[in-house]
Each structure stands twice: as C-alpha cells, then as structure tokens.
Amino acid sequence: MSKLNCQLAIRNILRYVPADYHEFLAKEFAEELELYGHIYAFRFMPNFHLKGVRRLFKAPSLFEISANSQQAAAIILMILNNLDSDVAQFPQELVTYGGNGQVFSNWIQFRLVLIYLSQMTSSQTLVMYSGHPLGLFPSHPNAPRMTITNGMMISNYSTKPLYDKFFALGVTQYGQMTAGSYCYIGPQGIVHGTTITIVNAGRRYLQVDNLGGKVFVTAGLGGMSGAQPKAAKIAGCIGVIAEALQKRYDQGWLDMYSDDLSSIIDFIRKHRENQQAVSIGYLGNVVDLW
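It should be emphasised that the depicted structure is a prediction, and the values quoted were computed from it without experimental measurement.

A rise of 1.5 Å per residue sets the reference length of helix 3 (residues 70-83), with its 14 residues, at 20 Å; its end C-alpha atoms lie 20 Å apart and thus fit the reference within 8%. Listing the buried residues of helix 3 in full gives Ala72, Ala73, Ile75, Ile76, Ile79, Leu80, Asn82 and Leu83. On the buried face of helix 3, the contacting elements are strand 3 (95-97), helix 4 (107-119) and strand 7 (146-149). Of the residues that open helix 3, the one with a side-chain oxygen 3.2 Å from the backbone nitrogen of Gln71 is Ser69.

Quick look at the structure:
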C-alpha cells in the first residue's frame, strides 16, 4: 500500500477510538497493517481460558446473555457462535469459514456491536455495513432488529486488486454467505446436497445405485467441507479426503486419518473387502493421494 493509503487505513480505524489514544494506537495499528495487510485491532480481542486452554470464547446459551431485547440477545448468540473457537476457521482474524469469510473487520467493531445489541430495545434497528455499525435507528417491534450488507463494491470496479485495497483500508469485507450475516451452521448445511451429488455421480458415471466398496477421493475439510466425509459415509462408499483435518476429526465428521499413504491404502483395502462405509482423512496433498 502507498503511504497515503496506509495513513487512510489508520485514520479509518481510529474513528472508533477516543482522540486521547490516537497517537498511542496509531503506531500499533500501523505495525499490524504492515505485518498482516489489514488492521485487526488484536488488542481488543477477548482473552478466555477454558480448562487451561487459551481460546477466544465459548458461545453461551441464549438465556445467559444480558440484553434489553430477546431478539437482540439471539443475534449476540449468533455472533458468538460464529466466532466460537470450536466453530470458526480463523477466529483470531474474525474468519468463520471459506478462508476469508469474516464476521467483522476488526475487534473494535465486535465490541461496539455487542454493546449496541445489549442496549437495543424492541423498537430499534441496528444497521451494519461490512462489519461497521452505523448506529441504532428508531423502528417498530415488527421491523428487523438488524440490517446487514457486506462486500459492497461498485460493479465497474469490482476487481480482486481493488477489493484487496478496500479491505486493507477497512471499508469493505467479504462475509461469505453466513459469516457476515451471523448464521453459520457448519457443514451440516450442505450434507444433504453433497450426499445427493455423490449418489448421482455413482449412478451417472459408474451405473450403480449401491456405492459399497467404491472409493471417493476428494480434498477439503475446512469451513463447509466437513460435509464431504459425512456424505460419503451416508452414500455407502469409502471417502478419502486430503486436507489439514484435525478440527473436523475432533468434531466427528471424519472417522479416521493418517499422514502415511501406506496406512491410507491399508484402510481402503480393509474397508473395500468388508464393504464398509467409512470416511478416511489424509493429512497431506491430494495430488500425492491421487
């Protein structure tokens, strides 16, 4: 980024900060911008420990959330669920899934939005613009409690280089489908469609309805892709998925894994012989697996 754009990015985030702290935080934000290409305001990230393990936080139940409006409390729960360390792909960067699907652009926005939501009445609406809270506006009980836009770009200028520039400036963010709208539900949202795809691939290309003993090789276990091993097992085949996979294994989407190709082949042979449906993870490159 040019020096002028760096200064603009810092000025943009300092809007959230009282003037007394500008000089102190400007240097810190400049260092983040140089190191990460974006200002996350990590100073304001929550620090939470669960059973001695540092994590951002664990989403509470709805009834543990204090707010003037039950609807607003539900939105707070959705936000906290999207950033729960068991759910989010890169929670420190406010990314829920998809590599860059963000809930907010920085941690100051996170804190401000939770304050707005806790104060909101049932006759107000919070307006969001790419992670930036524009404020609480008068509405009525049957109006939405929140309206959200993400990834706003002028069509004639909607290019990757310009998006990267505006993201660095802190004026736009990519919310994916459900990260920036706070309604991510994990891989289960696409298990059905993925299962139907695998079953119909077998019908079309292998001319079989029963996929028992068939091997389905694919890649991807981040974000939504936990559906692939689950769908393979439901379809009755042997799913072998290459990816960095620990979280999906811990969550139960994957039955077993190894970083040794010989072990993977042994797993496949054993389950083919027994006609057993299973999902196997390969911790490595899908090209080597193939």
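Domains assigned within the chain are domain 1 (3-169) and domain 2 (187-288). Centre-to-centre, using C-alpha coordinates, domain 1 lies 35 Å away from domain 2. The partner domain 2 presents five residues to the seven residues of domain 1 that form the contact. When the buried surface of domain 1 facing domain 2 is broken down by residue, Asp86, Gln89 and Tyr97 rank first, second and third, together holding 72% of it. Seen at the junction of domain 1 and domain 2, the total is zero salt bridges. The interface formed by domain 1 and domain 2 includes three residue pairs in polar contact (both at pLDDT 80 or more). Partitioned by chemical class, the residues of the side of domain 1 that touches domain 2 number three nonpolar, three polar and one charged.

Ile79, Phe104, Phe110 and Leu117 are the most contacted members of the largest nonpolar core, which has 24 residues in total. Sorting elements by how many residues they give to this core places helix 3 first, with seven residues. The residues touching Phe104, leaving out its near neighbours within four places in the chain, are Ile79, Leu94, Gln109, Phe110, Val113, Met128, Gly131, Gln173 and Tyr182. By size, the runner-up hydrophobic cluster in this structure holds 13 residues, among which are Ala9, Ile13, Leu14 and Leu169.

A contiguous nonpolar surface patch, about 360 Å² in accessible area, is contributed by Tyr129, Leu134, Phe137 and Met152. Structurally, Phe137 can be placed in strand 6 (residues 132-138).

Looking now at the sheet that holds strand 6. The mixed open sheet is built from three strands, whose spatial order is 6-5-7. Strands with a single pairing partner mark the edges of an open sheet, and in this sheet they are strand 6 and strand 7. Across the sheet, the axes of successive neighbouring strands diverge by a mean angle of 15 degrees, strand direction being ignored. Sheet analysis places strand 5 (residues 124-129) next to strand 7, joined by four bridges and oriented parallel. Pairing of Leu126 across the sheet is with Met146, part of strand 7. Across the face of the sheet, helix 4 comes into contact with strand 5, strand 6 and strand 7 while running at roughly 15 degrees to strand 6.

Before going further, it helps to examine empty space enclosed by the protein. Applying the stated criterion to the full structure yields one cavity of 30 Å³ or more. Of the voids in this model, the largest cavity is the one considered here, and its volume is about 70 Å³. Looking at the lining of the largest cavity, the elements with two or more residues in it are helix 1 (3-14) and helix 5 (160-169). With three residues, the single largest contributor to the lining of the largest cavity is helix 1. Taken together, the residues of the lining of the largest cavity break down into six nonpolar, six polar and one charged.

Looking now at the side chain of Glu32. As for its placement among the helices and strands, Glu32 is situated in helix 2 (residues 22-36). Among the polar contacts listed, one links the side chain of Glu32 to the backbone nitrogen of Ala41, at a separation of 2.8 Å. Look past the residues within four positions of Glu32 in its chain and what remains in contact with it is Gly37, His38, Ile39, Tyr40, Ala41 and Phe42.

Quick look at the UniProt feature "domain: Urocanase N-terminal" (unreviewed entry) in the chain now. Following the UniProt record, one finds the feature "domain: Urocanase N-terminal" (unreviewed entry) at residues 58-183. As annotated, residues 58-183 has a helix share of 29% and a strand share of 17%, and its two end C-alpha atoms lie 16 Å apart.

Moving on: helix 9 (residues 261-273). Helix length check: helix 9 (13 residues) gives 18 Å between terminal C-alpha atoms against 18 Å at 1.5 Å per residue, within 8%. The set of residues buried in helix 9 consists of Ile264, Ile268 and His271. End-on, the buried residues of helix 9 take up no more than an arc of 75 degrees, which puts them together on one face. Turned more than 90 degrees away from the buried face of helix 9 sit Arg269 and Glu273, all of them exposed. Tucked inside the fold, the buried residues of helix 9 contact strand 8 (215-219), strand 9 (238-242), strand 10 (256-258), strand 11 (278-282) and helix 10 (286-289). Positioned one or two residues after helix 9, Gln275 has a phi angle of 55 degrees, which is positive.

Procedures and definitions
Residues numbered from 1 in each chain as written. Predicted model: local features only at pLDDT ≥ 70, side-chain atom pairs only at ≥ 80, totals over all residues. Heavy atoms only, no water. Helix = DSSP H or I, 4+ residues; strand = E, 2+ residues; numbered from the N terminus. Expected span 1.5 Å × (residues − 1). Buried < 20%, exposed > 50% of the residue type's maximum accessible area, 1.4 Å probe, protein only. Contact = heavy atoms within 4.5 Å. Polar contact = N/O pair within 3.5 Å; in protein donor to acceptor, adjacent residues only side chain to side chain. Domains from an automatic or database assignment. Buried area = accessible area lost by both parts, 1.4 Å probe. Salt bridge = Lys/Arg side-chain N within 4 Å of Asp/Glu carboxyl O. Nonpolar A, V, L, I, M, F, W, Y, C, P; charged D, E, K, R; others polar. Core = buried A, V, L, I, M, F, W, Y, C linked by side-chain atoms within 4.5 Å. Patch = residues over 30% accessible without salt bridge, like charges linked within 9 Å, V, L, I, M, F, W, Y side chains within 5 Å. Areas by Shrake-Rupley, 256 points an atom, 1.4 Å probe, with all protein chains shown as cover. Pairing = 2+ DSSP bridges. Axes fitted to C-alpha atoms, helices over the stretch in contact; angles between N-to-C directions. 1 Å grid on protein atoms, 1.4 Å probe; cavity = no way out; pocket = protein on both sides within 12 Å on 5 of 7 lines; lining within 4 Å. Points joined across faces, edges and corners; volume = space filled by probe spheres on them. UniProt positions renumbered as here; feature names shortened; annotations may be inferred. Arc of directions from axis to C-beta.

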